[in-house]
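Geometric and topological summary
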Amino acid sequence: MFSRDKWNEIIESLTSNWFRTILTAFGVLWGIFILVILLAAGKGLENGVKQGFGGMATNSMFMWTQTVSKPYKGLPKGRRYSFKTKDVQAIKDNVPGLQYVSPRNQLGGFGGSNNVVRGLKSGAFNVYGDYPEIINQQPLDITAGRFINYNDIHEKRKVAVIGEGVRTNMYDKEEAVLGSYIKINGVNFQVIGTYKKKSTGGGNSEEDQKEIYVPFTAFSQAFNMGDLVGWMAITADDNHSITSLKSGVFDVIKKNHSIHPEDERAVGNFDLFEEYNKISGLFTALNFVAYFVGILVLLSGVIGISNIMLIVVKERTSEIGVRRALGATPWNIRGQILLESVFLTIISGMAGIILATGVLWLVNYVLASQDTSEMMFLNPSVDLVTVIIALVILVISGLLAGLIPAQNAIRIKPVDALRTE
């Protein structure tokens, strides 16, 4: 394999007919180019969709109360109930494997009336009563000041973190925000921070930033919520999936509120982990399709190389006869043909990878100049593992392409080969 004469012979054989060699190599080049581009396109789409989750903790679910659908312990069906703060602690105590259990309360909503006033300005905004860990479940980019902390919770401080959309509506452009006060349903709250919400599939427009976060305890005290909880955001740790734990969470709620154990409608939930897995499964299928299509296209190029190598063997019948007469073993002949086939396949395949890399660089260069916050296609690329897999495919393809011509070559009898002109 490391013989200079052997490599000189390979290069001379491939360059004896440049046009034929280039046309043959193009099939493999195009096949590997299509394979890399399809895989990169799938990755770009996956990146865009994952960006749509806005960095949310995907191993989470959101839980709320619904109407009870079955009578139980003398209580009628059709009744409504509410979560209580004791439910939060009960879930933490009885369901191992949970990382965050965040109770939430909310004011405002779609089509609500103006609930926030500052001076002569007013607006309708969503106001959330939250615990500090909510920022780990629904990440926010803090642009000034800070987020709420447990000192705010324990001391029931009337402080607020407002979105950039609230700031735009309620403050002049150069006006100081931190330390100022806003009235929420007639109660004064001091602004301690501003944020920009990360994209959650709907872009990063001003409308997504029109929310206000205040400490859960201050919210409950200021708006007479008592121990009521509107809904919960629950996240499992890295060793568990929320999908496998949520039945235990539901059991705790049903026990605390005297709900029939088989009542499937009493507790509403949205399992983000389950939805995320569905999307991940879709991209796994897309990768499979990319490999399938790319390998099929590559196979057509491999067949082309195999055909050309058959012609080369035919043209070199006399040469093969002389080498056999001079003592060359069948393995020497077979190895020479296989090496030529693998060499041509790898060279053309590497050219395809380089071409695909150039195209991907150009696409990323164009995307870098665009606002990608609302795009569903982001950073199309392939990793090193994919490139290594492509190289392995090329080597195997080269061996397959040269196998039949090599077998034909060693079947030639020296006497017959020497008679061929």
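Residues numbered from 1 in each chain as written. Predicted model: local features only at pLDDT ≥ 70, side-chain atom pairs only at ≥ 80, totals over all residues. Heavy atoms only, no water.

Describing the packing of helix H3 (residues 85-94) against helix H8 (residues 242-256)
What counts, and what does not: Between the N-to-C directions of two axes lies an angle of 0 to 180 degrees, each axis being a line fitted to C-alpha atoms and, for a helix, fitted only over the stretch in contact. Helix numbering and strand numbering both begin at the N terminus, where a helix is a DSSP run of H or I of at least 4 residues and a strand a DSSP run of E of at least 2. Angular relationships are summarised with four words: roughly parallel below 35 degrees, roughly antiparallel beyond 145, roughly perpendicular across 65 to 115, and oblique for the angles in between. Note: crossing handedness is left-handed where the near helix turns anticlockwise from the far helix by less than a right angle, and right-handed where it turns clockwise. We call two residues in contact whenever any of their non-hydrogen atoms come within 4.5 Å of each other.
At a minimum axis separation of 10 Å, H3 and H8 run at an interaxial angle of 135 degrees. Considering their axes alone, H3 and H8 lie oblique with respect to each other. By crossing handedness, the relation of H3 to H8 is classed as right-handed. Two secondary-structure elements touch here, H3 through Asp87, Ala90, Ile91 and Asn94 and H8 through Val249, Val252, Ile253 and Asn256.

Quick notes on H8
Put simply, the test is: Under the convention used throughout, the expected extent of a helix is 1.5 Å for every residue step, that is, one less than its residue count. For every residue, the accessible area (1.4 Å probe, protein chains only) is compared with the maximum for its type, and the residue is labelled buried under 20%, exposed over 50%, or partly exposed between those bounds.
Along its 15 residues, H8 runs 20 Å from first to last C-alpha, staying within 8% of the 21 Å computed at 1.5 Å per residue. Inspection of H8 places Ile242, Leu245, Lys246, Val249, Phe250, Val252, Ile253 and Lys254 among the buried residues, and these make up the whole buried set.

Quick look at the side chain of Glu211
Condition: In protein, a polar contact means a hydrogen-donor-capable atom and an acceptor-capable atom, both N or O and within 3.5 Å, with residues adjacent in sequence counting only if both atoms are side-chain atoms; elsewhere, any N or O pair within 3.5 Å suffices.
Relative to the helices and strands, Glu211 is located in strand E11 (residues 211-215). A distance of 3.3 Å separates polar atoms of two side chains, one belonging to Glu211 and the other to Tyr213. Each residue touching Glu211, except ones within four places of it in the same chain, is listed here: Asn126, Tyr128, Val161, Ile162, Gly163, Val166, Tyr195 and Lys197.

Concerning the pattern of salt bridges
Condition: For this analysis, a salt bridge means a side-chain nitrogen from Lys or Arg found within 4 Å of a carboxyl oxygen belonging to Asp or Glu.
Overall, the coordinates contain eight salt bridges when judged by the stated rule. Between Lys121 and Asp172 there is a salt bridge; the shortest N-O distance is 2.9 Å. Residue Lys121 is found in strand E5 (residues 121-123), and its partner Asp172 is found in the loop between helix H6 (164-170) and strand E9 (181-184); the two are separated by 51 residues along the sequence. Lys121 sits in the partly exposed class, given a relative accessible area of 29%. Between Asp271 and Lys246 there is a salt bridge, and its shortest N-O distance comes to 3.2 Å. Separated by 25 residues along the polypeptide, Asp271 in strand E14 (residues 267-271) and Lys246 in helix H8 bring together distant segments of the chain.

Overview of the UniProt feature "transmembrane region" (unreviewed entry) in the protein chain
For clarity, the cut-off: UniProt positions are given in the numbering used here, feature names are shortened, and annotations may be inferred rather than shown by experiment.
Per the UniProt record, the feature "transmembrane region" (unreviewed entry) sits at residues 21-41, 288-313, 342-364 and 384-404. Taken as a whole, residues 21-41 contains 100% helix and 0% strand, while its terminal C-alpha atoms sit 30 Å from one another. Across residues 288-313, helical content stands at 100% and strand content at 0%; the span's end C-alpha atoms are separated by 36 Å.

As for the nonpolar core
The cut-off we apply is this: Side-chain atoms within 4.5 Å link the members of a nonpolar core, which is a set of buried Ala, Val, Leu, Ile, Met, Phe, Trp, Tyr and Cys residues.
One finds Met63, Ile91, Leu98, Met232 and Ile234 to be the most contacted residues of the largest nonpolar core, which totals 28 residues. At six residues, H8 tops the list of elements feeding residues into this core. When neighbours within four sequence positions are excluded, Met63 is seen to be in contact with Phe83, Ile91, Trp231, Met232, Ile234, Val249, Phe250, Ile253, Val267, Gly268 and Asn269. Val28, Met309, Ile337 and Ala356 belong to the second-largest nonpolar core, a separate cluster that totals 26 residues.

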